[in-house]
Amino acid sequence: DAKTTQPPSMDCAEGRAANLPCNHSTISGNEYVYWYRQIHSQGPQYIIHGLKNNETNEMASLIITEDRKSSTLILPHATLRDTAVYYCIVRGHSGGGADGLTFGKGTHLIIQP
Amino acid sequence: EPEVTQTPSHQVTQMGQEVILRCVPISNHLYFYWYRQILGQKVEFLVSFYNNEISEKSEIFDDQFSVERPDGSNFTLKIRSTKLEDSAMYFCATSGSQAQNYYSNQPQHFGDGTRLSIL
């Protein structure tokens, strides 16, 4: 799976949009971009994933550049409960659905009141 | 929303003892996984399980570890002869709803983990 690079930490004001960048310049054609977050010591929580089109769900939006070498997770109206470590993960599917996820250190997003 | 349930939430065990961690997957999911996270470190993949056999395992998953789904519902991780360095949070995850046509790009959903403390 391709390696990802994320800033170690970011701040965002409550109520503003939080934009979390991720670089995955070695991504290959069949690899998806997944975003998870981990609040304190809870289990990682799935947020969103995509292949090449932009995606939106009730939690966030995912913007993937046309060359697929980077992406941005957008939390449109950040709240204090969005303070967490956010992981950008690139995952292929050569093993079918059984591929494990490779977590990096992620971005520690701190929402300021 | 369906959840992955893990028990116990905290397990304290003497070094050298065997421990079994349990996970109840989301109903109708086909793929099962175990991960661990040592305090202050990254989440690490251990093993994936599909169709009643191991599909993929990491270097961490050595002969000390085993997984099974004995009754078709619970998915278990057994750690034999525990060591101090096995102390960690262990997370179960599941994916691949039978209700979907294409399983492999479906996201994994995690439980809240079992904190394993080896004394």
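Scroll up to find the structure this text is about.
All values derive from a computational prediction rather than experimental measurement.

(A) Layout of the packing of aromatic side chains. Residue and element names in this part refer to chain B. Under the counting rule described, the total for this entry stands at 15 aromatic pairs over all chains. Judged by centre distance (4.5 Å) and plane angle (15 degrees), the ring pair of Tyr31 and Tyr50 falls under stacked. A residue pair is termed long-range when its members are at least 10 positions apart, and Tyr31 in strand β4 (residues 29-37) and Tyr50 in strand β5 (residues 43-50) qualify at 19 residues. Look at Tyr31 and you get buried, because its relative accessible area is 7%. Centre to centre, the rings of Tyr35 and Phe110 are 5.1 Å apart; their planes meet at 45 degrees, and the pair counts as tilted. Separated by 75 residues along the polypeptide, Tyr35 in strand β4 and Phe110 in strand β10 (residues 109-110) bring together distant segments of the chain. The exposure classification of Tyr35 matches that of Phe110, with both residues buried.

(B) Structural detail: the side chain of Gln6(A). All names here are of chain A. Along the chain, Gln6 falls in the segment before β1 (9-13). Among the polar contacts listed, one links the side chain of Gln6 to the backbone oxygen of Tyr86, at a separation of 3.0 Å. At 3.5 Å, the side chain of Gln6 and the side chain of Thr107 are in polar contact. Ignoring anything within four residues of it in the chain, the contact list for Gln6 reads Pro21, Cys22, Trp35, Tyr86, Tyr87, Cys88, Gly106 and Thr107.

(C) Spatial organisation of unusual backbone geometry. Residue and element names in this part refer to chain B. Residue Pro8 is reached from Thr7 by a cis peptide bond, and omega for that bond is -10 degrees. The residue Pro8 is located in the loop between β1 (5-7) and β2 (10-13) in this model. The residue Asn52 is not glycine, and still its phi comes out positive at about 65 degrees. Positioned with a positive phi, Ser81 is a non-glycine residue whose angle comes to about 45 degrees.

(D) Representation of the layout of surface pockets within the structure. Considering only enclosed or pocket space, the second largest pocket measures out at about 420 Å³ in volume. In this structure, the second largest pocket is lined by 20 residues; those nearest its centre are Gln37(B), Ile38(B), Leu39(B), Gly40(B) and Gln41(B). For the lining of the second largest pocket, the elements supplying multiple residues, two or more each, are β8 (84-91) of chain A together with β9 (88-97) and β11 (114-118) of chain B. It is β11(B) that contributes the most residues to the lining of the second largest pocket, four residues altogether. Residue composition of the lining of the second largest pocket, by class: eight nonpolar, nine polar and three charged.

(E) The arrangement of the interface of chain B and chain A in detail. Contacts between the two partners involve 23 residues from chain B and, on the opposite side, 22 residues from chain A. Of the roughly 1,800 Å² buried between chain B and chain A on both sides combined, carbon and sulfur atoms contribute 54%. On the surface where chain B and chain A come into contact, there are zero salt bridges. Scanning the region where chain B abuts chain A turns up five residue pairs in polar contact (both at pLDDT 80 or more). Those elements that provide at least two residues to the side of chain B that touches chain A are β4, β5, β6 (53-57), β9 and β10 of chain B. Taken together, the residues of the side of chain B that touches chain A sort by class into nine nonpolar, ten polar and four charged.

(F) Structural context of the sheet that holds β8(A). Residues and elements named next belong to chain A. Sheet architecture is open: five strands sit in the order β1-β9-β8-β3-β4, paired in mixed fashion. The strands lining the two open edges of the sheet, one partner per strand, are β1 and β4 (45-50). Here the average twist between neighbouring strands, direction ignored, is 25 degrees. In terms of strand pairing, strand β3 (residues 32-38) meets β4 through five bridges, oriented antiparallel. If you follow Tyr36 over to β4, its bridge partner there is Tyr46.

(G) Looking closely at the pattern of salt bridges. Under the counting rule described, the total for this entry stands at two salt bridges over all chains. Measuring nitrogen to oxygen at the nearest pair gives 2.8 Å for the salt bridge that ties Asp82(A) to Arg37(A). One end of the pair, Asp82(A), is in the loop between β7 (70-75) and β8; the other, Arg37(A), is in strand β3, with 45 residues separating them in the sequence. Note on Asp82(A): relative accessible area 13%, which makes it buried. A salt bridge links Glu44(B) to Arg36(B); the shortest N-O distance between them is 3.1 Å. Relative accessible area serves as the criterion here: at 24%, Glu44(B) is assigned to the partly exposed category.

What counts as what
Residues numbered from 1 in each chain as written. Chains lettered and ligands numbered in written order. Predicted model: local features only at pLDDT ≥ 70, side-chain atom pairs only at ≥ 80, totals over all residues. Heavy atoms only, no water. Phe/Tyr/Trp six-rings, centres within 6.5 Å; stacked < 30°, edge-to-face > 60°. Helix = DSSP H or I, 4+ residues; strand = E, 2+ residues; numbered from the N terminus. Buried < 20%, exposed > 50% of the residue type's maximum accessible area, 1.4 Å probe, protein only. Polar contact = N/O pair within 3.5 Å; in protein donor to acceptor, adjacent residues only side chain to side chain. Contact = heavy atoms within 4.5 Å. 1 Å grid on protein atoms, 1.4 Å probe; cavity = no way out; pocket = protein on both sides within 12 Å on 5 of 7 lines; lining within 4 Å. Points joined across faces, edges and corners; volume = space filled by probe spheres on them. Nonpolar A, V, L, I, M, F, W, Y, C, P; charged D, E, K, R; others polar. Buried area = accessible area lost by both parts, 1.4 Å probe. Salt bridge = Lys/Arg side-chain N within 4 Å of Asp/Glu carboxyl O. Pairing = 2+ DSSP bridges. Axes fitted to C-alpha atoms, helices over the stretch in contact; angles between N-to-C directions.

Just geometry here; none of it tells us what the structure is for.
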